[in-house]
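Observations on the model geometry
Residue strings, one per chain:
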Amino acid sequence: MKIIMLGAPGAGKGTQAKVIAEKFGIPSISTGDIFRANIKNGTELGMEAKKYMDQGLLVPDELTVKILLDRVAKEDCKDGYVLDGFPRNIPQAQVLDKALEEQNEKLDFAIDVEVPDEDIIRRMSGRRACAGCGATYHVEHIPPKKEGICDTCGQELVLRDDDKPETVKNRLDVYHKQTQPLIDFYEAKGILKTVDGTMDMKEVSAAIAAILQ
Ligand code: AP5
Ligand code: MG
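The following paragraphs examine the structure supplied in this document. (Residues numbered from 1 in each chain as written. Chains lettered and ligands numbered in written order. Predicted model: local features only at pLDDT ≥ 70, side-chain atom pairs only at ≥ 80, totals over all residues. Heavy atoms only, no water.)

Here we take up unusual backbone geometry. A cis amide bond links Phe-86 to the next residue, Pro-87, at an omega of -5°. By secondary structure assignment, the location of Pro-87 is in the loop between β3 (81-84) and α5 (90-102). Even without a glycine there, the phi angle at Asn-104 is positive, about 60°. Here Asn-104 is to be found in the loop between α5 and β4 (109-114). Given a relative accessible area of 75%, Asn-104 falls into the exposed group. (Helix = DSSP H or I, 4+ residues; strand = E, 2+ residues; numbered from the N terminus. Buried < 20%, exposed > 50% of the residue type's maximum accessible area, 1.4 Å probe, protein only.)

This next bit is on helix α8 (residues 181-188). Every buried residue of α8 is accounted for by Leu-182, Ile-183, Phe-185 and Tyr-186. Here the buried residues of α8 occupy an arc of 160° about the axis, which is enough to place them on one side. For α8, the exposed residues lying more than 90 degrees away from the buried face are Asp-184, Glu-187 and Ala-188. Gly-190 sits one or two positions beyond α8 and adopts a positive phi of about 80°. (Arc of directions from axis to C-beta.)

Before going further, it helps to spend a moment on the packing of helix α6 (residues 117-126) against helix α7 (residues 165-179). Relative orientation of the contacting elements α6 and α7 amounts to 140°, with a least axis distance of 11 Å. As summarised for this structure, α6 and α7 are arranged oblique, according to the angle between their axes. α6 and α7 meet at a crossing whose hand is right-handed. Here α6 contributes Asp-117, Ile-120, Ile-121 and Met-124 to the contact with α7, which in turn contributes Val-168, Arg-171, Leu-172 and His-176. When the residues that make up the contact of α6 with α7 are grouped by side-chain class, the tally is five nonpolar, one polar and two charged. (Axes fitted to C-alpha atoms, helices over the stretch in contact; angles between N-to-C directions. Parallel < 35°, antiparallel > 145°, perpendicular 65-115°, else oblique. Left-handed = near helix turned anticlockwise from the far one by under 90°. Contact = heavy atoms within 4.5 Å. Nonpolar A, V, L, I, M, F, W, Y, C, P; charged D, E, K, R; others polar.)

Structure follows, in C-alpha cells:
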C-alpha cells in the first residue's frame, strides 16, 4: 500500500500518517522530520534546509527529491509506505510518478486532510514535538502523560521553530500556492480521497481507515 498525505501545515498529516503506518506495518516517511533530524545533528543538509524552513518556504527540489527517492528505495519500503509532506509541488509529484513507473508501481491513495486556515493557526501554537523520536502532541487536544516529556521515548517536547504565528502564515501561503494544486493533480488520477480534518483525531483516523479498507 502506497499512500501520500495531503493537507495544509498542521492539518494532522503527521498524526494520521503514524496511525496508518502502525495499522499496516509500513513506514511513515516525513521529509520535514528528515530535515529536522539533520538540523539537530548539524549536518550540511540540515543547515541548508533550515534557511528555508525558518522562513516557511519549501526546501529546493534538488535537495528534497533525492532524499525522498533514497528513502523509499530502502528495504523496509518494499510493502509500501505513507508519505507525509512529500510531494509538495507538481514537479515533486511528477518525479515520484516517474520513479514508481520505472518499477511498474503506482500510488494507491492520496488522502487530503482538510482543515480551514483559522483552525490551523490555533493548532500550531499548541503543538509540541519530541526532539528525539518526532512524536507529536498538542497541549490541549493530545497532551502527553507527563507535561513536556515524550510518552514514547522520554525526551523533551519542544515548540518547533517554524510554528511561530508569522512563519505559520508564510507556510499557509506556500501551501495554497504550491501544494494545493496537487489536489486536482491526484483527483485527475482518480486516487484522491478527502477527509474532514476538523473532527476529533480518532474520528479522522476512522474516516481514513474506512477509505483504506
Ligand atoms: P513538515 O514537517 O512537513 O510540516 P508541515 O507540512 O508544515 O506540516 P506539519 O508537520 O506542521 O503538520 P501536520 O499536518 O503533520 O500536522 P500534525 O499531525 O503535526 O515541513 C516543515 C518544513 O520542511 C516545510 O515548511 C518545508 O520548509 C520543509 N519541507 C518538508 N517537506 C518538504 C518537501 N517535500 N519539499 C520542500 N520542502 C519541504 O498536527 C498538528 C497539531 O495538531 C499537533 O499538535 C497535533 O497533535 C494536533 N492535531 C492533529 N490532529 C488533530 C485533530 N484532529 N484535532 C485537534 N488537534 C489535532
Ligand atoms: Mg508533520
